[in-house]
Amino acid sequence: MEKPTVIRDLLKRLNKTINVIATRELGKFGLTMPQLMVIRQIVHEPKTIGQISKAVDLSYSTISGIIDRLEREQLVVRMRDEHDRRVVWIRITPKFKEVVGQVPIFSDEYYNRLFEDFSDQELDSIILVLKMLTNKLEKES
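Report follows, based on the coordinates. None of these values were measured; they are calculated from a predicted model.

Remarks on helix α2 (residues 33-42)
Counting along an α-helix, one turn takes 3.6 residues, and residues three or four places apart therefore face a common direction. All of the buried residues along α2 are Gln35, Leu36, Val38, Ile39, Gln41 and Ile42. On the buried face of α2, the contacting elements are α1 (3-27), α3 (49-56), α4 (60-72), β1 (76-80), β2 (88-92) and α5 (94-100).

Brief notes about the packing of aromatic side chains
For the structure shown, the criterion picks out two aromatic pairs. Relative to Tyr111, the ring of Tyr110 has its centre 5.1 Å away and its plane inclined at 85°; by these criteria the two rings are edge-to-face. For Tyr110, a relative accessible area of 13% puts it in the buried group. With centroids separated by 5.8 Å and ring planes inclined at 45°, the aromatic side chains of Phe115 and Phe118 adopt a geometry described as tilted. Judged by relative accessible area, Phe118 falls into the partly exposed class, the value being 36%.

With respect to the side chain of Glu25
Examined against the element boundaries, Glu25 turns out to sit in helix α1. Looking at Glu25, the relative accessible area reads 7%, which means it is buried. For Glu25, the residues in contact, after removing those within four places along its chain, are Pro104 and Ile105.

Scoring rules and cut-offs
- Residues numbered from 1 in each chain as written.
- Predicted model: local features only at pLDDT ≥ 70, side-chain atom pairs only at ≥ 80, totals over all residues.
- Heavy atoms only, no water.
- Buried < 20%, exposed > 50% of the residue type's maximum accessible area, 1.4 Å probe, protein only.
- Helix = DSSP H or I, 4+ residues; strand = E, 2+ residues; numbered from the N terminus.
- Contact = heavy atoms within 4.5 Å.
- Phe/Tyr/Trp six-rings, centres within 6.5 Å; stacked < 30°, edge-to-face > 60°.

Put into structure tokens, the structure is as follows:
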């Protein structure tokens, strides 16, 4: 098997493994991966459903449904713009911050434990290769 094919297969396997772990951990708190994708978009600043839809490449109606569920769980809130009542901003709530604090995959401790068996040299090598790969792929996108 050629090396690029091995890299492709390892990336697919790594992505799948990360998704399985994340799905399992999020499920313990009643969250899904699509909900996480939405939350990632608004964690630092409010956005409109249209902005979120474009950023995560899901339809407006799909994002609206996800927002509805997050709103029922009191993790996000819809807020009308003060200057243009037609604009609705989606923002996180204090309850969201409380829930996220309990999800292990969002903590530094989780990753410290995950990588504690690696030497500093191995970690440096992983970081170097991941940076190189990320930079190469970003140039292609």
